[in-house]
Amino acid sequence: MRYAGERQAAVQERAEPRPAPGEVLIQMKAAGICGSDLHLYRHPDPRFVESSRVPGHEPAGVIAEVGRDVQGWSVGDRVTAYFRLVCGQCEFCRTGHSNVCTNRRGSYGVGPGTADGADAEYMAVEAQYLLPAPDDFSLEDAAIVACQGGTAYWPLVRLGASGADVLVVSGLGPVGLLATLFGSRMGAEVVGIDPSADRRALAEQLGARRTFDPTAGPIGEQVRASYPRGADKLFEASGAAAAYTAIPELLRPLGMAALVGLGSREFTSSLSAIVHRELVIFGTSAFPLTEYDAIWRFLRRHTIAPSQVVTHRFGIEDGAEAFRLADTATTGKVCFAF
Ligand SMILES: [Zn+2]
Ligand SMILES: [Zn+2]
């Protein structure tokens, strides 16, 4: 796959990559389309888009070739890979928080000028970023955990989501749907918000108790009619300015919100209500690898799988149609199968 202009994607034939020393070659079996891919897909600047490499940062497959100086991995191993190229030496890398590394070199498949990503039949990956994909889940599940699954799980851990909570999930794209699936299994009463009726229906299937349409009226009033006290916790996955400004209305005093969705720069107007009501709000960016094994244990314990949020699958040859559909913001997760 490659981006081919604003809201254009195309397939092209390329030589199979070879693993450099320290790298392995992954033969792709599954790859997910993430919201960050769509930010690039929608980018209006052709120079920016032209300079992009193969998109996709949710790879999963089997090792096809092991480069020189790689230890501990073999041909045939089932793997995924962490997409952020980090320094490994800063304070945050050293303490297990490489997701917030201050000297990032780039990312696989996200942004211009960095390394080629997952939306291709083969991908070369530095062995230090490989993660084992468990045998008791599909490789599609492993692809999703590599970005969106972890991105949904980690803020729920930081929020301390539990059976004591009403948890609002604002934005029911794939990350919001995964937060609905995981948050409801953590015991929370999940309340979903999204303008798409299809996405609200998916959220209810995955565990949301109630869902609301923010275009049907002031969202704070709608939710407060059913939950007069306000929600205990909020997971913001839409990135919409209106969703940000609604946060103080949706939360009870001392409530807590995780900001996950990107896209809005105009949410300062609600800052005073955050102050007066002592709300706790934190940003969250992908997930630290300290959580990787805990995610699989959690999924196993509750007999759930990230691929439950997948609604559409495409071969890579139909990649342009896959991106067009994902861009409509009406589906669950869109994945490539190889
Ligand atoms: Zn992502
Ligand atoms: Zn670092």
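See the structure above.
Since we're looking at a predicted model, the values are computed, not measured.

Enquirer: Any chance you could explain the coordination of the zinc ion (ligand 1) here in plain terms?
Expert: Reference geometry at the metal: tetrahedral coordination by four donors gives ideal angles of 109.5 degrees; octahedral coordination by six donors gives 90 or 180 degrees. Distances from the zinc ion (ligand 1) to its protein donors, namely Cys34 (SG), His57 (NE2) and Cys147 (SG), fall within the range 2.0 to 2.2 Å. Counting gaps between the donor residues of the zinc ion (ligand 1) yields the pattern C-x22-H-x89-C. Here His57, found in the loop between α2 (46-50) and β4 (59-66), pairs with Cys147, found in helix α4 (residues 139-159); they are 90 residues apart in sequence, far enough to count as distant. Here His57 matches Cys147 in class, with each residue buried.

Enquirer: Even after reading the chapter, I still don't get the nonpolar core, so can you show me in this structure?
Expert: Soluble globular proteins tend to pack their nonpolar side chains together in the buried interior. Judged by nonpolar contacts, the single largest core of 89 residues is most densely connected at Phe182, Phe235, Leu299, Phe323 and Phe336. In terms of residue count, α4 provides more of this core than any other element does, eleven residues in total. Discounting chain neighbours no more than four positions away, the residues touching Phe336 are Met1, Lys29, Ala30, Ala31, Ile33, Asp119, Phe314, Gly315, Ile316, Gly319, Ala322 and Phe323. By size, the runner-up hydrophobic cluster in this structure holds 19 residues, among which are Ile219, Tyr227, Leu250 and Leu259.

Enquirer: I keep staring at the packing of helix α5 (residues 174-185) against helix α6 (residues 197-206) and nothing clicks. Help me out?
Expert: Axes are the key here: two packed helices are described by the angle between their axes and the distance separating the axes. At their nearest, the axes of α5 and α6 sit 9 Å apart, and the two run at 25° to each other. For the element pair α5 / α6, the angle class is roughly parallel. Judged by the twist between their axes, the crossing of α5 over α6 is right-handed. Two secondary-structure elements touch here, α5 through Pro174, Leu177, Thr180, Leu181, Ser184 and Arg185 and α6 through Arg199, Leu202, Ala203 and Leu206.

Enquirer: Got a minute to help me understand the coordination of the zinc ion (ligand 2) in this structure?
Expert: Distances from the zinc ion (ligand 2) to its protein donors, Cys87 (SG), Cys90 (SG), Cys93 (SG) and Cys101 (SG), fall at 2.3 Å. In this structure, the zinc ion (ligand 2) is coordinated by four donor atoms arranged in tetrahedral fashion, with angles at the metal of 104 to 116°. All donor residues of the zinc ion (ligand 2) come from one chain, and their arrangement in sequence is C-x2-C-x2-C-x7-C.

Parameters at a glance
For every chain, the first residue of the written sequence is number 1, and numbering continues from 1 onward in sequence order. The order in which chains are written sets their letters, starting at A; the order in which ligands are written sets their numbers, starting at 1. Local features in this predicted model are restricted to residues of pLDDT 70 or higher, and side-chain atom pairs are both shown and tallied only at a pLDDT of 80 or more, whereas totals for entire chains, interfaces and linings draw on every residue. Processing note: side-chain calculations cover all non-hydrogen atoms of the structure and skip hydrogens and water entirely. Nitrogen, oxygen and sulfur within 2.8 Å of a metal are treated as its donors, or within 3.2 Å for sodium, potassium and calcium (Na, K, Ca); water is not counted, so a site can appear incomplete. Per the convention used, a helix needs a DSSP run of H or I reaching at least four residues, while a strand needs a run of E reaching at least two, with both numbered from the N terminus. Working definition: with a 1.4 Å probe on protein chains only, accessible area under 20% of the residue-type maximum means buried, over 50% means exposed, and in between means partly exposed. What makes a nonpolar core is a set of buried Ala, Val, Leu, Ile, Met, Phe, Trp, Tyr and Cys residues whose side-chain atoms join them at distances within 4.5 Å. In what follows, residue pairs with any heavy atoms lying within 4.5 Å of each other are defined as contacts. Fitted lines through C-alpha atoms serve as axes, helices being fitted only where they are in contact, and the angles separating the N-to-C directions of these axes extend from 0 to 180 degrees. For this classification, under 35 degrees means roughly parallel, over 145 means roughly antiparallel, 65 to 115 means roughly perpendicular, and everything else is oblique. A crossing counts as left-handed when the near helix is turned anticlockwise from the far one by less than a right angle, and as right-handed when that turn is clockwise. Geometry is assigned from donor-metal-donor angles: four donors are tetrahedral when every angle falls between 85 and 135 degrees, four are square planar and six octahedral when opposite donors sit over 155 degrees apart with all other angles between 65 and 115, and any other arrangement is irregular.

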